[in-house]
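Per-entry structural report
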Number of protein chains: 2
Amino acid sequence: MSKKIKLVIEYKGAGYCGWQRQEDDPSIQQAIEEAIFALTNEEVKLTASGRTDAGVHALGQVADFDLEKEFAIEKIRSGLNHHLIDSGISILSAEQVNDDFSARFSAKKRYYKYIILNRRAPAALENGYVWHIPMKLDIDAMKEAAKLFVGKHDFSSFRASICQANSPVKTIDSSKIIVEEEHIYYHISAKSFLHHMVRNVIGTIVEVGKGKYPASEIPDIIAAKDRSSAGQTAPAHGLYFVKVDY
Amino acid sequence: MSKKIKLVIEYKGAGYCGWQRQEDDPSIQQAIEEAIFALTNEEVKLTASGRTDAGVHALGQVADFDLEKEFAIEKIRSGLNHHLIDSGISILSAEQVNDDFSARFSAKKRYYKYIILNRRAPAALENGYVWHIPMKLDIDAMKEAAKLFVGKHDFSSFRASICQANSPVKTIDSSKIIVEEEHIYYHISAKSFLHHMVRNVIGTIVEVGKGKYPASEIPDIIAAKDRSSAGQTAPAHGLYFVKVDY
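Residues numbered from 1 in each chain as written. Chains lettered and ligands numbered in written order. Predicted model: local features only at pLDDT ≥ 70, side-chain atom pairs only at ≥ 80, totals over all residues. Heavy atoms only, no water.

A look at the overall build of chain A
What chain A contains, in helices and strands, is five helices and ten strands. Expected size for 246 residues packed as a compact globule is a radius of gyration near 18 Å; at 19 Å, chain A falls within 12% of this value. C-alpha atoms of chain A, sized along the principal axes, occupy 60 × 40 × 30 Å. Looking at chain A residue by residue over its 246 residues, the buried ones come to 54%. Taking the contacts inside chain A whose residues are at least 6 apart along the sequence as the reference set, 69% of them involve residues at least 24 apart. As displayed, chain A has an accessible area near 11400 Å², and 47% of this comes from carbon and sulfur atoms. Between the mean site of the 31 positive side-chain charges and the mean site of the 32 negative ones, chain A shows a separation of 4 Å. (Helix = DSSP H or I, 4+ residues; strand = E, 2+ residues; numbered from the N terminus. Rg over C-alpha atoms; globule rule 2.2 N^0.38 Å. Buried < 20%, exposed > 50% of the residue type's maximum accessible area, 1.4 Å probe, protein only. Contact = heavy atoms within 4.5 Å. Areas by Shrake-Rupley, 256 points an atom, 1.4 Å probe, with all protein chains shown as cover. Lys, Arg positive; Asp, Glu negative; His and termini not counted. Charge placed at Lys NZ, Arg CZ, Asp CG, Glu CD.)

Topic: helix α1 (residues 28-40) of chain B
Residues and elements named next belong to chain B. If you check α1, its first and last C-alpha atoms are 18 Å apart, about what 13 residues at 1.5 Å a residue would give, namely 18 Å. Within α1 the residues assigned to the buried category are Ile28, Gln29, Ala31, Ile32, Glu33, Ala35, Ile36 and Thr40. Considering only its buried residues, α1 is in contact with β1 (3-11), β3 (57-67), α2 (76-83) and β4 (89-97). Following α1 by one or two positions, Asn41 adopts a phi angle in the positive range, close to 65 degrees. (Expected span 1.5 Å × (residues − 1).)

With respect to the pairing of strand β10 (residues 239-245) of chain A
As paired elements, strand β3 (residues 57-67) of chain A and β10 of chain A share two bridges and run parallel to each other. Bridged to His57 of chain A within β10 of chain A is Tyr240 of chain A. (Pairing = 2+ DSSP bridges.)

Regarding the interface of chain B and chain A
Contacts between the two partners involve 25 residues from chain B, matched on the other side by 25 residues from chain A. Interface of chain B and chain A: buried area, both sides summed, is about 1700 Å²; carbon and sulfur atoms make up 56% of it. A per-residue breakdown of the area chain B buries against chain A is headed by Glu10, Ala124 and Leu125 of chain B, which together make up 36% of the total. The tally of links from chain B across to chain A stands at two salt bridges. Residue Glu10 of chain A pairs with Arg119 of chain B through a salt bridge whose shortest N-O separation is 2.9 Å. Linking chain B with chain A are ten residue pairs in polar contact (both at pLDDT 80 or more), by the criterion used here. Contributing elements (two or more residues each) for the side of chain B that touches chain A: β1, β3, α2 and β4 of chain B. If you tally residues by element for the side of chain B that touches chain A, the top one is β4 of chain B, at four residues. (Buried area = accessible area lost by both parts, 1.4 Å probe. Salt bridge = Lys/Arg side-chain N within 4 Å of Asp/Glu carboxyl O. Polar contact = N/O pair within 3.5 Å; in protein donor to acceptor, adjacent residues only side chain to side chain.)

Quick word on the environment of Ala234 of chain A
Within the secondary structure layout, Ala234 of chain A lies in the loop between α5 (218-224) and β10. Not counting the four nearest positions on each side in its chain, Ala234 of chain A is found in contact with Tyr114, Trp131, Arg199, Ile202 and Gly203 of chain A.

Focus on the packing of aromatic side chains
Taken as a whole and judged by the stated rule, the model has 17 aromatic pairs over all chains. Between the aromatic rings of Tyr129 of chain A and Tyr129 of chain B, the centroid separation amounts to 6.1 Å while the plane-to-plane angle is 85 degrees, which identifies the pairing as edge-to-face. Of this pair, Tyr129 of chain A sits in the loop between β5 (109-117) and β6 (131-132) while Tyr129 of chain B is found in the loop between β5 (109-117) and β6 (131-132), placing the two residues in two different chains. Overall, the relative accessible area of 12% leaves Tyr129 of chain A in the buried class. Measuring from centroid to centroid gives 6.5 Å for Phe149 of chain A and Phe155 of chain A, while their planes differ by 15 degrees, and the two rings are stacked. Both residues of the pair, Phe149 of chain A and Phe155 of chain A, belong to the buried class. Clustering of aromatic rings is evident, with ring pairs tying together Tyr112, Phe193 and Phe241 of chain A. The lysine or arginine in question, Lys113 of chain A, covers the ring of Tyr240 of chain A, its NZ or CZ lying 5.7 Å from the ring centre. (Phe/Tyr/Trp six-rings, centres within 6.5 Å; stacked < 30°, edge-to-face > 60°. Lys NZ or Arg CZ within 6 Å of the ring centre and 35° of its normal.)

Notes on the relation of the copies chain B and chain A
Between the two copies, chain B and chain A, the superposition gives an RMSD of 0.0 Å; the rotation angle is 180 degrees and the shift along the axis is 0.0 Å. Taken together, these values place the two copies in the relation of a two-fold axis. Residue Glu126 of chain B of chain B places its C-alpha closer to the rotation axis than any other residue of that unit, at 5.2 Å. Interface overlap between copies is the fraction of interface residues in one copy that are interface residues in the other; for chain B against chain A it reaches 100%, indicating a shared surface. (Least-squares fit on C-alpha atoms with pLDDT ≥ 70 in both.)

Quick word on α2 of chain B
Considered for burial, the residues of α2 of chain B that qualify are Ile76, Gly79, Leu80 and Asn81 of chain B. Packing partners of the buried residues in α2 of chain B comprise β1, α1, β3 and β4 of chain B.

Description of the confidence of the model for chain A
Put simply, chain A has an average pLDDT of 96, and 100% of its residues get 70 or more. In the model output, the complex is listed with pTM 0.94 alongside ipTM 0.92. (pLDDT = per-residue confidence, 0-100.)

Remarks on the environment of Ser93 of chain B
Among the secondary structure elements, Ser93 of chain B is positioned in strand β4. In sequence terms Ser93 of chain B and Thr52 of chain B are 41 residues apart; their C-alpha atoms lie 19 Å from each other.

A look at the state of the cysteines
Residue and element names in this part refer to chain A. Using the criterion set out here, one finds zero disulfides over all chains in the structure. Looking at the unpaired Cys17, the closest cysteine sulfur is the one in Cys163, lying at 18 Å. Judged by relative accessible area, Cys17 falls into the buried class, the value being 18%. (Disulfide = S-S within 2.5 Å.)

Quick look at the packing of helix α3 (residues 139-147) of chain A against helix α4 (residues 197-209) of chain A
All names here are of chain A. At their nearest, the axes of α3 and α4 sit 8 Å apart, and the two run at 145 degrees to each other. You can see that α3 and α4 cross each other, and the crossing is right-handed. Between α3 and α4, the residues in contact are Ala141, Met142, Ala145 and Ala146 and Ile205, Val206, Val208 and Gly209, respectively. Residue composition of the contact of α3 with α4, grouped by class: seven nonpolar, one polar and no charged. (Axes fitted to C-alpha atoms, helices over the stretch in contact; angles between N-to-C directions. Left-handed = near helix turned anticlockwise from the far one by under 90°. Nonpolar A, V, L, I, M, F, W, Y, C, P; charged D, E, K, R; others polar.)

If you want it as structure tokens, here you go:
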């Protein structure tokens with residue numbers, strides 16, 4: 001009888017081609033699967049709650065895998081972290097879960113945040129962790145725009161052309177802008193998202209902040225169901241996969 | 001008539017031997033002096049409010065230099081940042097100040113903070129920006145210990161052997177521990193500090209947190225005027241030079 005293990009994982013997106021294994025590039029998935037092999041001598045397949053793109057960070061990614069042999073569960077977290085030292089990946093917790101648990105399919109809600117550094121001077125300390133926008137932004141308009149994404153919509157205007165989801169309809173539970181001094185934080189949660197959706201949504205909110213169009217145009221941009229009607233894709237390195245509710 | 005310019009600077013300590021110019025290692029001072037030369041064609045000497053050690057970060061270091069020729073002051077910040085791109089150094093502001101201003105000698109108060117990540121799992125996102133301490137710490141004891149540093153004391157027990165200050169007597173204006181979830185922030189301010197003093201003080205507060213000795217022993221450790229009576233020097237990469245009051 002195999003054991004299903006659930007991991008909660010923090011990682012820095014830099015230096016990886018994203019979550020998913022690829023032929024020639026280092027991925028988060030590969031790094032952790034290799035650490036699992038080094039620790040347990042088992043070749044496993046790790047499935048994440050959601051794949052993150054190259055450069056996207058995670059504060060609480062969740063993934064699961066099956067172990068065939070007996071292995072002391074309380075040694076998995078520290079054992080994997082030992083093998084992952086200086087990888088930019090840290091296992092926050094490891095626990096045994098029921099066989100029917102799926103990091104991907106059991107997820108009830110996923111949370112992302114996006115960080116903008118809004119000041120004239122470039123980021124020094126936070127370089128690679130924020131989207132630096134030097135011009136003044138209209139914060140009130142951005143707050144208004146953010147709210148207009150809440151609810152069930154066809155998000156075709158915010159969907160990457162390579163997106164493989166069956167339906168472009170998603171339901172946003174919360175979408176809000178919070179400002180703390182030079183930082184603008186965008187928080188969004190939903191059961192699931194389309195490919196590039198969060199980056200395309202915040203990219204569009206930023207265009208509202210720059211005065212390209214008013215917040216009141218957001219419903220029209222959504223209704224257009226056309227990627228070219230929405231704003232640019234925000235840079236990956238400002239995006240954080242925060243957590244998953246099950 | 002020369003112009004005196006005051007810079008406020010943010011930097012990441014990693015990759016530099018610290019603020020001060022050295023023969024063979026890249027320093028923050030050298031990087032900025034070279035950017036000033038590239039921008040203005042003048043070889044200047046930049047003086048900081050305080051030298052930081054290798055690895056120590058700055059959120060608001062202050063430095064001054066003199067320009068001989070005319071140069072548009074409003075172009076200095078963006079011009080220097082252009083030459084400092086991807087250096088981990090960002091000029092937050094540049095302004096002309098009176099000739100009698102000295103970043104070093106006019107400073108009335110200097111503020112430092114120290115960040116500890118206190119959890120079992122190593123830092124992934126914050127690696128190089130925090131001191132990771134995996135064991136449980138007694139926060140109340142640390143808060144009590146921190147308070148006992150406030151006031152005028154002989155800080156010989158917290159002074160690096162290479163420290164060149166005339167007197168070991170310093171007056172601490174504030175010294176406190178603030179906890180936010182997994183992070184422990186230590187804030188300390190004073191007119192000036194001895195070499196390694198903040199890192200030796202927080203290193204000692206952490207030993208109280210680990211239960212090596214009670215907070216009530218801090219006055220004795222100070223009174224000993226002996227470096228070996230105090231705790232270890234905390235790692236440089238958890239330390240931030242926050243700002244200077246003039």
